[in-house]
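Listed below, chain by chain, are the residues.
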Amino acid sequence: MGESGVQSLRDLGGGVQNGSHGSAKCRPPEEKVKRSRRCEFIVTFWILNSISKGLVDSFVYTASTTNFCLEITERFGECNGPMIYQLYRKLSLITQDNIFMSVYFTKLKRLWDELGSTEILHPCTCGVSKVINEMNIRKKLMQFFMGLNDVYGSIRDQVVGIDPLSSINKVYSMVLKFESQKEVLGSMNENVESLDGHIREGCFKLIGYPD
């Protein structure tokens, strides 16, 4: 980066330094301003050193780091539509079948996290963020239950009937407990069947006496 570019970065947001932000009462403390300026300088300098040298000159006089990032996004940002479609398609195809519950959930969560990085919800004070967050929870729960084996139908019916809905992590914990209980009961049944010295496969009362 040329000397003029470095000087432009040093002048970034100069209005704060020369008092153009208004009266002293409105201006933030000087130390906070200095820290903010240093952060802006570091971020902008790092980005400029990460892009092609032929493009640097068109950015060095940008008014602020925020405007700088917006300009880069507008010029070079790619449409996420195809990627989002592929992620939703993968989600629709995932089923538990014969895999462990932990593996099934991990596959879903990996795709949810990828979607979350492309569908960023900015905070607000009007309450819309909360509504959208609840919709996302509902969507994840439905995707989780749609691919789950039918043996968990009782938990599914219980959860979807609750308002407000539980978080996906709480529901996952419930399913794991149910799975553990099911394994314990299965083990107990096997022990009961073998008390008389034989197992289910060799019990004539269950499978019928030989001719």
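Given the structure is predicted, the values throughout are model-derived calculations rather than measurements. Per chain, the residues get numbers from 1 upward, laid out in the order the sequence is written. Totals for whole chains, interfaces and linings use every residue, but because this is a predicted model, local features are given only for residues with pLDDT of at least 70 and side-chain atom pairs only at 80 or more, for both listing and counting. The side-chain quantities take in all heavy atoms of the structure and omit both hydrogens and water.

What follows deals with the packing of helix α8 (residues 128-146) against helix α9 (residues 153-160). Their axes nearest at 11 Å, the elements α8 and α9 cross at an angle of 165°. As far as their axial angle goes, α9 and α8 are roughly antiparallel. α8 and α9 meet at a crossing whose hand is left-handed. Along the contact surface, α8 presents L141, M142 and F145, while α9 presents I155, R156, V159 and V160. Considered class by class, the residues forming the contact of α8 with α9 number six nonpolar, no polar and one charged. Note on definitions: angles span 0 to 180 degrees between N-to-C directions of axes, and those axes are lines fitted to C-alpha atoms, for helices only across the stretch in contact. Counting from the N terminus, the helices are the DSSP runs of H or I reaching at least four residues and the strands are the DSSP runs of E reaching at least two. Comment on the angle field: the value is read as roughly parallel under 35 degrees, roughly antiparallel over 145, roughly perpendicular from 65 to 115, and oblique elsewhere. Two helices that cross are described as forming a left-handed crossing if the nearer one is turned anticlockwise from the farther one by less than a right angle, and a right-handed crossing if clockwise. Contacts were defined at the residue level, with two residues in contact if any of their heavy atoms lie within 4.5 Å. Note that Gly is not counted as nonpolar here; it falls among the polar residues with everything else outside the nonpolar set of Ala, Val, Leu, Ile, Met, Phe, Trp, Tyr, Cys and Pro and the charged set of Asp, Glu, Lys and Arg.

Bringing unusual backbone geometry into the picture now. One non-glycine residue, D97, adopts positive backbone phi at about 50°. If you trace the backbone, D97 turns up in the loop between α6 (81-93) and α7 (101-118).

Within the fold, Q96 resides in the loop between α6 and α7. Two N or O atoms count as a polar contact when they lie within 3.5 Å, although within protein this holds only if one can serve as hydrogen donor and the other as acceptor, and sequence-adjacent residues are included solely when both atoms are side-chain atoms. Within the local environment of Q96, its side chain forms a polar contact with the backbone nitrogen of N149, the two atoms lying 3.2 Å apart. Filtering out sequence-adjacent residues up to four positions away, Q96 remains in contact with M101, Y104, G147, L148, N149, Y152 and E179.

With that settled, consider the environment of F68. Looking at the secondary structure, you find F68 in helix α5 (residues 65-76). Buried, partly exposed and exposed residues are distinguished by accessible area as a fraction of the type maximum, computed with a 1.4 Å probe on protein chains only: under 20%, between the cut-offs, and over 50%, respectively. Using a relative accessible area of 1% as the deciding quantity, one classes F68 as buried. The spatial distance from the C-alpha of F68 to the C-alpha of I47 is 9.4 Å, given a sequence separation of 21 residues.

What follows concerns the pattern of salt bridges. When a carboxyl oxygen of Asp or Glu is within 4 Å of a side-chain nitrogen of Lys or Arg, the pair counts as a salt bridge. Per the counting criterion, the structure on display carries two salt bridges. The shortest N-O distance in the salt bridge between D113 and K109 comes to 3.0 Å. Of the two residues, D113 and K109 are both situated in helix α7; the distance of four residues between them amounts to about one turn of the helix. Of the charged contacts, one joins R156 and D157 as a salt bridge, the two residues approaching to 3.3 Å between their closest N and O atoms.

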